[in-house]
Amino acid sequence: MRDEVFVVDQAGKARIVAGKNRTNGQIVFPYPDGEGEGAYERIELPQSGTLWTFTIQRIPPKNPPYVGVTNPDDYEPYGVGYVRLGDEIMIEGRLVADPESLRIGMPMDCVAISLAKADGGEMMTYAFASSEQDNNS
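Residues numbered from 1 in each chain as written. Predicted model: local features only at pLDDT ≥ 70, side-chain atom pairs only at ≥ 80, totals over all residues. Heavy atoms only, no water.

### Structural notes on the pattern of salt bridges
At step 1: Counted by the stated rule, this structure contains three salt bridges.
At step 2: Salt-bridge contacts for E44 lead to R42; the nearest nitrogen and oxygen are separated by 3.5 Å.
At step 3: A salt bridge links E100 to R58, with the nearest nitrogen and oxygen atoms 3.5 Å apart. Highlighted residues: E100 in the loop between β7 (89-95) and β8 (107-116) and R58 in the loop between β5 (48-57) and β6 (78-85), separated in sequence by 42 residues. Comparing E100 with R58, the two get one shared label, exposed.
At step 4: Within the structure, one salt-bridge network assembled from shared partners comprises E4, R42 and E44. (Salt bridge = Lys/Arg side-chain N within 4 Å of Asp/Glu carboxyl O. Helix = DSSP H or I, 4+ residues; strand = E, 2+ residues; numbered from the N terminus. Buried < 20%, exposed > 50% of the residue type's maximum accessible area, 1.4 Å probe, protein only.)

In structure tokens, the structure reads:
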């Protein structure tokens, strides 16, 4: 897998980098690396999509490999789901919205977030945040 999984523009909007098969148009993620790579062109997926399905991670994952809060009393649940980006692909990712507000079909935007690494540093990755306006509908 390539290092460039997503890109962030000057406005701070994130887009996931995928591959489009030059022969049949199939979209794949992550962008292929190595043998067969030449059969794909690099594309950026739409920045916005729709939540297709999700689950809530309510207990801390095991450490290792998880790096983060492992004490159940201090742990903050979070959503993980599949977001449909365009008509061709669904991408799995962390959901950075209140877990209780998540619902299938809600609009989502791709965003960049920082996660802790085992060496104490941080890494940037993509996630999905609700793009709904706060309204009463």
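What follows picks up the thread again.
### Examining the pairing of strand β2 (residues 14-21)
At step 1: Counting buried positions over the eight residues of β2 gives six, a clear majority of the element.
At step 2: In terms of strand pairing, strand β1 (residues 6-8) meets β2 through three bridges, oriented antiparallel. When the sheet's bridge partners are listed, V7 is paired in β2 with R15.
At step 3: Turn length for the β1-β2 hairpin, with the two strands adjacent in sequence and antiparallel, is five residues, and the turn residue G12 shows positive phi of about 85°.
At step 4: Relative to strand β4 (residues 40-44), β2 runs antiparallel, the two being bridged by five bridges. Its bridge partner being in β4, K20 is matched across the sheet by E41.
At step 5: Relative to strand β3 (residues 27-28), β2 is paired through two bridges, and the arrangement is antiparallel. Across the sheet, K20 pairs through a bridge with I27, a residue of β3.
At step 6: Turn length for the β2-β3 hairpin, with the two strands adjacent in sequence and antiparallel, is five residues, and the turn residue G25 shows positive phi of about 80°. (Pairing = 2+ DSSP bridges.)

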